[in-house]
Amino acid sequence: MLATMGAMGLAPTAAQAAEREPVFRAPRTGDFTLKGRAAAKVVIVGGGIAGLASAYELGKAGYDCTVLEARDRTGGRNFTVRGADSTSDTCGNRQTARFSDGQYMNAGPARIPQWMITLDYCRELGVPIEVFTNSNASAYLYNEKSGMTAPVRYRTAKADMYGYVSELLAKATDKGALDGAITADDQEQLLEFLKSFGDIGDTLTYTGSEHRGFTVDPGAAGTPGVELGAVPTVSQVLSTGVGRYFSFEFGYDQAMLMFQPIGGMDRIPAALTKAIGSHRIRTGAVVSGITDTAHGVAVTYQQGGRTRAIEADYCIAALPPHILAKTPHNLGSAVQTALEAVTPVSSGKIGLEYRSRWWEEQQQIYGGITETDMDLSHIWYPSYGFHGQRGVIIGYYNTGTNADTYAALSPADREKRSVAQGVKIHGDVYRTELATSFSHHWRQTPHLLGAWHSLKGGPDAATYAPLNRAAGHVYFAGDYLSYADAWQHGAFSSARKVVTTLHERVLA
Ligand code: PHE
């Protein structure tokens, strides 16, 4: 029947399925028919994407799920900041965002590749999406430490690097350096490619190209445009290190097109929360103990100054592993050792709201990312609200020690530092048009204490085996137990895996 349905386009054909393994089959109430089994009671610790996805999928088969979330909102690191939102961090900083109506920053996840199942959940949950601009030829590169004194547009840097690389390879080919490696015919084809890729012409020499851009853009008859001049030497191009950014967009995770939910990334946890039912979710519930018992689990938590307890058949621990490691449990020393081997990583962002969209009006940048070796690391231009009155730029998005440098500052000094660096790229407008800012650091965020994780050897290393199976009645879920750490896809896939094995066990 499936084959017939496949032929009619009503079910995936084998060929389609093979292209996109593994296929997840959500639990259904019908699975219990004639099995003499019933949906179980499950307590889920952590209301981030992994926890919410677990409750959502199990809910499809009628499982009685309760989600315990320590913060006052669901979503975990999926956090969109809008005007009037407040945060406190572990350093004692308290901030309230002053963004104007319709403006927001995604403090956590902000871009979704086309292949990730996050988009499948957007489709299923009715969360509308729009394109997120991850690479933009008009954005800048600026390597101050390598001696650059002015920013250069991506397109210009690429034209120069690809131009010289093509010239060098073409000349080597011409000198017979590849004779032993490829045939004469293949060398012909290679030269054809290099001529167009590097725009080096029949002379096989790079002397600049319209790929670099124009100082006067081409227009009406009589206005052919003026190409950007002052072509740097090959040595200048190599020494500035601009080429180090070019492979980013080849990454399977980072290649365009990419997407974002319209209105903010937190539309995803909001839709999951609604689908699960808010009566199943307890916020402000800080778990203080997880005990595996003979027939199930007992979980204690603090809520509103009181200790509460909940019992269930199963538990899915979907909280950060480094926080679970500090929570009393009886899941054994192998579990504890594995949890302690997961290292949290720092990352932070600042949202800078501007009174005008000068980057569009004056600098012709519509979304995308500027790269620099200054400690702000990345500047993101907004992929929403084009041609609107105001806009929010991500003034830094950095990780590791760069993030720690900013985290140690007061919110006002974070703004000062990032603006001083941004002025070097964009000029004074970067300071004069600024209206307000809001910064967020994950390592300093209560109940999360990390942006993502580092697992030596990956999630399938022997150290982590105790987390990839149930410890009694307790399962573990989270992006850290996936090959897509730091992506919602990792949380969704990990949740699907746990839901599948738990459901199979209940049915057995
Ligand atoms: N997913 C995050 C991002 O896209 C973190 C990340 C960056 C993960 C780069 C992998 C590679 O910014």
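One can find the structure itself at the top, above this paragraph.
Quantities reported herein were computed from a predicted structural model and do not represent experimental measurements.

Reading guide: rules and limits
Residues numbered from 1 in each chain as written. Predicted model: local features only at pLDDT ≥ 70, side-chain atom pairs only at ≥ 80, totals over all residues. Heavy atoms only, no water. Helix = DSSP H or I, 4+ residues; strand = E, 2+ residues; numbered from the N terminus. Buried < 20%, exposed > 50% of the residue type's maximum accessible area, 1.4 Å probe, protein only. Areas by Shrake-Rupley, 256 points an atom, 1.4 Å probe, with all protein chains shown as cover. Lys, Arg positive; Asp, Glu negative; His and termini not counted. Charge placed at Lys NZ, Arg CZ, Asp CG, Glu CD. Salt bridge = Lys/Arg side-chain N within 4 Å of Asp/Glu carboxyl O. Pairing = 2+ DSSP bridges. Contact = heavy atoms within 4.5 Å. Axes fitted to C-alpha atoms, helices over the stretch in contact; angles between N-to-C directions. Expected span 1.5 Å × (residues − 1). Arc of directions from axis to C-beta. Near = heavy atom within 4 Å. Polar contact = N/O pair within 3.5 Å; in protein donor to acceptor, adjacent residues only side chain to side chain. Nonpolar A, V, L, I, M, F, W, Y, C, P; charged D, E, K, R; others polar. Right-handed = clockwise from strand over helix to strand, strands pointing away. Parallel < 35°, antiparallel > 145°, perpendicular 65-115°, else oblique.

(A) Region of the structure containing the overall build of the protein chain. The helix and strand inventory of the protein chain stands at 15 helices and 26 strands. Each principal axis of the C-alpha atoms in the protein chain carries an extent, and together these give about 80 × 60 × 45 Å. Relative to its 508 residues, the protein chain shows a buried fraction of 52%. Accessible area of the protein chain: about 22900 Å², with a carbon and sulfur share of 54%. Taking the average location of the 46 positive side-chain charges in the protein chain and that of its 49 negative ones, the two points are 10 Å from each other.

(B) Region of interest: the pattern of salt bridges. This structure, assessed with the given rule, holds 18 salt bridges. For glutamate 249, the salt bridge is made with lysine 158, and the minimal N-O distance between the two is 2.8 Å. With glutamate 249 in the loop between helix H7 (234-240) and strand S13 (258-261) and lysine 158 in helix H5 (residues 154-174), the pair connects residues that are 91 residues apart, well separated along the chain. Through salt bridges with shared partners, a single network forms among Glu57, Lys60 and Glu124.

(C) Up close: the sheet that holds strand S26 (residues 474-476). Within the open sheet, the 5 strands sit side by side as S14-S2-S1-S18-S26. Their pairing is parallel. The outermost strands of the open sheet, each flanked by one partner alone, are strand S14 (281-282) and S26. Helix H15 (residues 488-507) contacts strand S1 (41-45), strand S18 (314-317) and S26 of the sheet and is inclined by roughly 155 degrees relative to S26.

(D) Geometry of helix H6 (residues 184-197). Taking 1.5 Å per residue as the helical rise, H6 with its 14 residues ought to reach 20 Å, and the 20 Å between its terminal C-alpha atoms agrees with that figure. The set of residues buried in H6 consists of Gln187, Leu191 and Leu194. Along the axis of H6, the buried residues cluster in a sector spanning 65 degrees; they form a single face. Among the exposed residues of H6, those oriented more than 90 degrees off its buried face are Asp185, Gln189 and Ser196. Contacts made by the buried residues of H6 are with H5.

(E) Summary view of the site of the ligand. The full set of residues close to the ligand is Arg111, Gln254, Tyr397, Trp452, Ala486 and Trp487. Contact distances for the ligand include 2.7 Å between an oxygen atom and a side-chain N or O atom of arginine 111. Tyrosine 397 is positioned such that a nitrogen or oxygen atom in its side chain is 2.6 Å from an oxygen atom of the ligand. For the ligand, the accessible surface in isolation is 310 Å², of which the surrounding protein chains cover 70%. Residues of the shell around the ligand, tallied by class, amount to 4 nonpolar, 1 polar and 1 charged.

(F) Inspection of the environment of threonine 33 at higher detail. As for its position among the elements, threonine 33 is in the loop between helix H2 (14-19) and S1. Classification of threonine 33 by relative accessible area gives exposed; the value is 52%. A distance of 2.9 Å separates the side chain of threonine 33 from the backbone oxygen of glycine 30, its partner in a polar contact.

(G) Spatial organisation of the pairing of S1. Judged by how many residues are buried, S1 sits mostly within the fold: 4 of 5 residues are covered. Pairing between S1 and strand S2 (residues 64-68): 5 bridges, direction parallel. Bridge pairing in S2 places valine 43 opposite threonine 66. In terms of handedness, the path from S1 via helix H3 (residues 49-59) over to S2 forms a crossover that is right-handed. Here S1 pairs with S18 via 4 bridges, running parallel. Bridging across to S18, valine 45 finds its partner in alanine 317.

(H) Focus on the pairing of S2. Counting buried positions along S2 gives 4 out of 5 residues, so the element sits mostly inside the fold. Across 2 bridges, the pairing between S2 and S14 is parallel. In the sheet register, leucine 68 faces S14, and the bridge partner there is arginine 282.

(I) Representation of the packing of helix H12 (residues 400-407) against helix H13 (residues 411-426) within the structure. Their axes nearest at 9 Å, the elements H12 and H13 cross at an angle of 125 degrees. Looking at the two axes, H12 sits oblique to H13. Of the residues in H13, those in contact with Thr405, Tyr406 and Ala407 of H12 are Arg414, Arg417, Ser418 and Gln421. Taken together, the residues of the contact of H12 with H13 sort by class into 2 nonpolar, 3 polar and 2 charged.

(J) Representation of unusual backbone geometry. Here the residue pair methionine 256 and leucine 257 is connected by a cis peptide bond, since its omega of -5 degrees sits within 30 degrees of zero. As for its position among the elements, leucine 257 is in the loop between H7 and S13. Phi is positive for alanine 84, which is not a glycine, with a value near 80 degrees. By the element assignment, alanine 84 lies in the loop between strand S3 (80-82) and strand S4 (86-88). Of note in this structure, alanine 486 is not a glycine but carries a positive phi near 75 degrees. Tracing the sequence through the fold places alanine 486 in the loop between S26 and H15.

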